[in-house]
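Breakdown of the fold
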Amino acid sequence: MILLIEQVLNGLQYGAMLFMLASGLTLIFGIMGVINLTHGSLYMVGAYCAASAVLQSGSFLVGIAAALAGAGLYAVVIELAVVQWLYRRDHLYQVLATLGLILFTNEAVSLIFGRRPPLMDIPPFLQGSVTVLPGLDYPLMRLAFIGVGGLVAVGLWLLVNHTRLGMLVRAGADDREMVSALGVDIRRLYTLVFGLGGLLCGLAGVMAAPLLAVEIGMGERVLITTFVVIVIGGVGSIRGALVGALLVGMVDGLGRAYLPQGLQMLLPPSVADTLSAGLVSASIYVLMAIVLLVRPLGLLPARS
Amino acid sequence: MTRISSSWQAVAAAFLAAILAVILAAPASAQSGPATPTTIGFITTLSTPAGYIGEDIRDGFQLALKDGTLGGVPVKLQIEDDSLKPANAKQAADRMIQSGIKLFTGVNFSNVLAAVVPGVLEAGGVYVSLNPGPSVFAGEKCNRNYFVASYQNDAFHEAAGLSANLLGYKRVVLLAPAYQAGRDALEGFKRTFKGEIIGEIYTKLDQTDFSVELARVRSLQPDAIYQFHPGGAGINFAKQYANSGLSKSVPMLIPSFSMDARMIGATGEAADGIYASAIWTTESDNPASKAFVEAFRKAYSRTPTMYAQQAYDTANLIGSALKAVNGDISKQAEFRDALRKAHFTAVRGKFSLGPNQHPIQDYYLTKFVKNASGEIVQTVVRKVAEDYGDAYAARCKID
């Protein structure tokens, strides 16, 4: 039972990270119709900025500021310099351009920050574990991660449902042409949304940096899972991203925890290990396939 | 407009001339006698996150060169970056073979090695491996022109199994990524470990977060864990292991390439207290090792990793053989004999080559602890295997 609760917390924490990445990606994909492969790189930029800022200043708060500023500004620069020229083009052009940007960003980051990955320790006030339940100590950093994920969800809900910008974002997700026809400066809205996506990536980067290795290519690894999340949740929908992120987080976490054990009870160990390793890797894609069979637009699509 | 195009033509012509000069120069140097340098094809990984390993390999190898000579014979290193892509490495090797190069080394990953070695051997070249020693080339498929100066991959894990026996662990959980090298690692460990394996957990190859696996380790309550996660995954694993509080109750045992000098820097305090199987560490107590560490620090202002040490020893092994044939590697039989004799002072201590031309050497149990000045170093605890070969040597038939 304790193990189950711990694994659920692990799933929540992974889900929180996926949500921070997916909410930005789903807005960019849903509203602007841009397939942005650079999204993972923004997360890497955030992590690098945070790690080196913490290394220079020793303060985690400065690290957060650096990550948000770095990733947010880089997102705006990308949008203004490259992506905005491709809105009217085919998806293939966007994929090619943003794939190129991944390579560019990787090289640029290794030129600026060096090949040696910067080290970022867990800040002192988040070190160690707390007793969540009797017999269950859980790392404070991971709890903080879940907490920040919750705050981001609430914050985005307020932003999208109770502000003018949010209204435009929702309207944009429903019908881009109409919003633009009503005299809204759609260009500026796009830049803002792209920047917001960058900010969220930066936040995910700074939270992940103390737990994961900060390295070139860390963004590509998480990018595919993020796309799975927004496809499951429904493209363009923040609520969908939240549900998708939690679902993927749980399926991945609990699958990794219980699938090998379950199979070992049914099959001889040598077969079970190989099979479960494969099944665990595939579990989120199986989930995606099932969701798409039942609901081809995702669980909570923006345009139903 | 004409001025621009003519200046471009000049540049292009100069460029072509330079390329031609390179193409024509290479075979010339390889065909002439020992007076001109012997060219060594050196393909390694200098870019990508693993690029630091290639840098250490290159720098360690070059440290063994004395005024451009190895064993008194002038040598020229032709260094190529493979970007950790077997296809790139294969292309580079083919180019070098065509330009007449007969002696190769440098590759630092098993999968890249598998792409390079067959081509080199078919062309009648000699390959001396300075890092990977995959099982495929150690048994039936061994070759008289293929030497491994580092270790056979499995031996490292077998030494770890012996270490676990010595440390008195009875119930151990194993963790490795689900791919060939990961499975080989755990098989190697199981070959020598006498206790009980209470859990065998395979992780995903690109996994970055291990919280789920760590929770399972906690619930299994083993005496120790043995884990093999190279590169970034290894850094993540060690950091998260320390953060979860598990490192206080369950000791961690690793093969030493899961935690090199650079990774200690990236993990910080998390490396403290980890046990590792090793053939050499910066703290190895012999004069050759001390001189090497000092010279490396002086030349490159950083601490050498085991990769640098392996490259340095390999360079000296090649040097000893070059000396024996006075730089004329067309006397291939004599060159091979000299390599097989391995007359050189290895930084790691005792060293000889077995029947499959893989090393027979000592393996140690080491521990990462803080030294007097507060740095984490890999100290030698004790020897776990003496004159240890590998499990595949018996299957190798070299005429």
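Within every chain, residues take consecutive numbers counted from 1 along the sequence as written. Each chain gets a letter, beginning with A, and each ligand a number, beginning with 1, in the order they are written. A pLDDT threshold of at least 70 governs which residues receive local features in this predicted model, and a stricter bar of 80 or more applies before side-chain atom pairs are shown or counted, although totals over entire chains, interfaces and linings include all residues.

A few words now on the overall build of chain B. Strands are runs of DSSP state E lasting at least two residues, helices are runs of H or I lasting at least four, and both sets are numbered from the N terminus onward. When you go through chain B residue by residue, the secondary structure sums to 13 helices and 14 strands. In terms of principal-axis extent, the alpha carbons of chain B reach across some 75 × 60 × 40 Å. Buried residues are those with 20 or more other C-beta atoms within 10 Å of their own C-beta, exposed residues have 12 or fewer, and partly exposed residues lie in between; C-beta atoms are placed from the backbone. In chain B, buried positions account for 52% of the 399 residues. Long-range contacts, defined as pairs at least 24 residues apart, comprise 70% of the intrachain contacts of chain B with a sequence gap of at least 6. Residue pairs qualify as contacts under a 7 Å threshold applied to their C-beta atoms, which are placed from the backbone.

Scanning chain A from terminus to terminus reveals 11 helices and 2 strands. Ordered by position from the N terminus, the helices and strands of chain A form the series α-α-α-α-β-β-α-α-α-α-α-α-α. Computation of the radius of gyration draws on C-alpha atoms, with the globule rule given as 2.2 Å multiplied by the number of residues to the power 0.38. Computed over its C-alpha atoms, the radius of gyration of chain A comes to 20 Å, within 12% of the 19 Å expected for a compact globule of 304 residues. The principal-axis extent of the C-alpha atoms belonging to chain A is close to 60 × 50 × 35 Å. Counting the 304 residues in chain A, one finds 52% classified as buried.

A word on unusual backbone geometry. Residues and elements named next belong to chain B. In this structure, Leu 84 takes a positive phi of about 60° despite not being glycine. Relative to the helices and strands, Leu 84 resides in the loop between strand 3 (73–81) and helix 3 (86–98). Overall, the presence of 21 C-beta atoms within 10 Å leaves Leu 84 in the buried class. Although it is not a glycine, Ala 342 adopts a positive phi angle of roughly 50°. Inspection of the secondary structure puts Ala 342 in the loop between helix 13 (332–341) and strand 12 (351–353).

Moving on to the nonpolar core. Each nonpolar core consists of buried Ala, Val, Leu, Ile, Met, Phe, Trp, Tyr and Cys residues. Their C-beta atoms, within 7 Å, join them into a set. The biggest cluster of nonpolar side chains holds 219 residues, and the ones touching the most others in it are Ala 47 and Ala 50 of chain A. No other element matches helix 1 (residues 2–32) of chain A, which puts 16 residues into this core. As annotated, the domain borders come from an automatic or database domain assignment. The residues that make up this core include at least three from each of domain 1 (32–151 + 286–353) and domain 2 (154–278 + 363–388) of chain B. Dropping the residues within four chain positions of it, Ala 47 of chain A is found in contact with Gly 205, Val 206, Ala 208, Ala 209, Val 214 and Met 218 of chain A.

Residue and element names in this part refer to chain A. Counting buried positions along strand 1 (residues 129–133) gives 0 out of 5 residues, so the element sits mostly on the surface. Each pair of strands is called paired provided DSSP finds at least two bridges between the two strands. As defined by bridge partners, strand 1 adjoins strand 2 (residues 136–139) across 4 bridges and the pair is classed as antiparallel. In the sheet register, Leu 133 faces strand 2, and the bridge partner there is Leu 136.

Attention now goes to helix 2 (residues 39–57) of chain A. Residues and elements named next belong to chain A. The span expected for a helix works out to 1.5 Å for each residue beyond the first. Taking 1.5 Å of rise per residue, 19 residues should cover 27 Å, and helix 2 covers 27 Å from first to last C-alpha, within 8% of that figure. Burial runs high along helix 2: 16 of the 19 residues are buried. In the stretch just after helix 2, Gly 58 is the one whose phi turns positive, near 80°.

A few words now on the interface of chain A and chain B. Note: interface size is frequently given as the accessible area lost on complex formation between the parts. Counting residues at the interface gives 30 residues for chain A, matched by 27 residues for chain B. When residues are grouped by polarity, Ala, Val, Leu, Ile, Met, Phe, Trp, Tyr, Cys and Pro land in nonpolar, Asp, Glu, Lys and Arg in charged, and all others, Gly among them, in polar. Partitioning the side of chain A that touches chain B into residue classes produces 13 nonpolar, 7 polar and 10 charged.

Residue and element names in this part refer to chain B. Strands sit in the order 2-3-1-4-5-6 across an open sheet of 6 strands; the sheet is mixed. Only two strands of the sheet have a single neighbouring strand rather than two, namely strand 2 (69–70) and strand 6 (146–148). Sheet analysis places strand 1 (residues 38–44) next to strand 3, joined by 7 bridges and oriented parallel. Considered in strand 3, the bridge of Phe 42 is made with Ile 79.

Attention now goes to the UniProt feature "transmembrane region" (unreviewed entry) in chain A. The UniProt record annotates "transmembrane region" (unreviewed entry) at residues 12–37, 58–86, 92–113, 143–160, 189–214, 226–251 and 271–294 of chain A. A helix fraction of 81% and a strand fraction of 0% characterise residues 12–37 of chain A, whose end C-alpha atoms lie 25 Å from each other. UniProt positions are given in the numbering used here, feature names are shortened, and annotations may be inferred rather than shown by experiment.

So, about the domain arrangement of chain B. All names here are of chain B. If you check the domain split of chain B, you get domain 1 (32–151 + 286–353) and domain 2 (154–278 + 363–388). With 10 residues of domain 1 at the interface, the matching set in domain 2 holds 12 residues. Each residue belonging to the side of domain 1 that touches domain 2 can be placed in one class, and the counts come to 6 nonpolar, 4 polar and no charged.

The geometry of a pair of packed helices is captured by two quantities: the angle between their axes and the separation between those axes. The geometry of helix 1 of chain A relative to helix 7 (residues 211–220) of chain B is characterised by a closest axis approach of 9 Å and an angle of 165° between their N-to-C directions. Relative to helix 7 of chain B, the element helix 1 of chain A lies roughly antiparallel. Classified by chirality, the crossing of helix 7 of chain B by helix 1 of chain A is right-handed. Contact residues: helix 1 of chain A offers Leu 3, Glu 6, Gln 7, Asn 10 and Gln 13 of chain A, while helix 7 of chain B offers Ser 211, Val 212, Ala 215 and Ser 219 of chain B. Residues of the contact of helix 1 of chain A with helix 7 of chain B, tallied by class, amount to 3 nonpolar, 5 polar and 1 charged. Each axis is a line fitted through C-alpha atoms, and for a helix only the stretch in contact is used; angles between axes span 0 to 180 degrees, taken between their N-to-C directions. When describing relative orientation, an angle under 35 degrees is termed roughly parallel and one over 145 degrees roughly antiparallel, while 65 to 115 degrees is termed roughly perpendicular and anything else oblique. Helix crossings get a hand from a simple test, with the near helix turned counterclockwise from the far one by less than a right angle marking a left-handed crossing and a clockwise turn marking a right-handed one.

Once that is clear, we can look at the confidence of the model for chain B. On average, residues of chain B carry a pLDDT of 87, and 90% of them reach 70 or more. Here the predicted complex carries an ipTM of 0.77, next to a pTM of 0.78. Along the chain, pLDDT gives the predictor's confidence residue by residue, from 0 to 100.

Once that is clear, we can look at the packing of helix 3 of chain B against helix 4 (residues 110–122) of chain B. Residue and element names in this part refer to chain B. Orientation of helix 3 relative to helix 4, taken along the N-to-C sense of each, is 25°, at an axis distance of 8 Å. One way to sum up the angle between helix 3 and helix 4 is to call them roughly parallel. In this structure, the crossing between helix 3 and helix 4 has a hand that is right-handed. For the pair helix 3 and helix 4, contact is made by Pro 86, Ala 89, Lys 90, Ala 93, Asp 94 and Ile 97 and by Asn 111, Val 112, Ala 114, Ala 115, Val 116, Gly 119 and Val 120, respectively. Looking at side-chain class alone, the contact of helix 3 with helix 4 contains 9 nonpolar, 2 polar and 2 charged residues.

With that out of the way, let us pick up the pairing of strand 5 (residues 126–129) of chain B. Residue and element names in this part refer to chain B. What you see with strand 5 is no split at all: Val 126 and Val 128 on one side and Tyr 127 and Ser 129 on the other are buried throughout. Two strands pair when backbone bridges link them, and strand 4 (residues 103–105) and strand 5 are joined in this way by 2 bridges, in the parallel orientation. By the bridge assignment, Phe 104 is partnered in strand 5 with Tyr 127. The parallel pair strand 4 and strand 5, bridged by helix 4, forms a crossover whose chirality is right-handed. Taken together, the 3 bridges between strand 5 and strand 6 define a ladder with parallel strand orientation. Its bridge partner being in strand 6, Val 128 is matched across the sheet by Phe 147. Assignment of crossover handedness uses the view with strands pointing away from the viewer, where a clockwise path from the first strand over the helix to the second indicates a right-handed crossover.

Further remarks concern the environment of Val 293 of chain B. All names here are of chain B. Mapped onto the fold, Val 293 is located in helix 11 (residues 287–300). Separated by 11 residues in sequence, Val 293 and Pro 304 place their C-alpha atoms 6.6 Å apart. Not counting residues up to four positions away in its chain, the partners in contact with Val 293 are Thr 282 and Pro 304.

Let's shift gears to helix 2 (residues 51–63) of chain B. One turn of the α-helix equals 3.6 residues, which is why residues spaced by three or four share an orientation. Over its 13 residues, helix 2 of chain B extends 18 Å from the first C-alpha to the last, a length consistent with the 18 Å expected when each residue adds 1.5 Å. Contact partners of the buried residues in helix 2 of chain B: strand 1, strand 3, helix 10 (261–267), helix 11 and helix 12 (306–324) of chain B.

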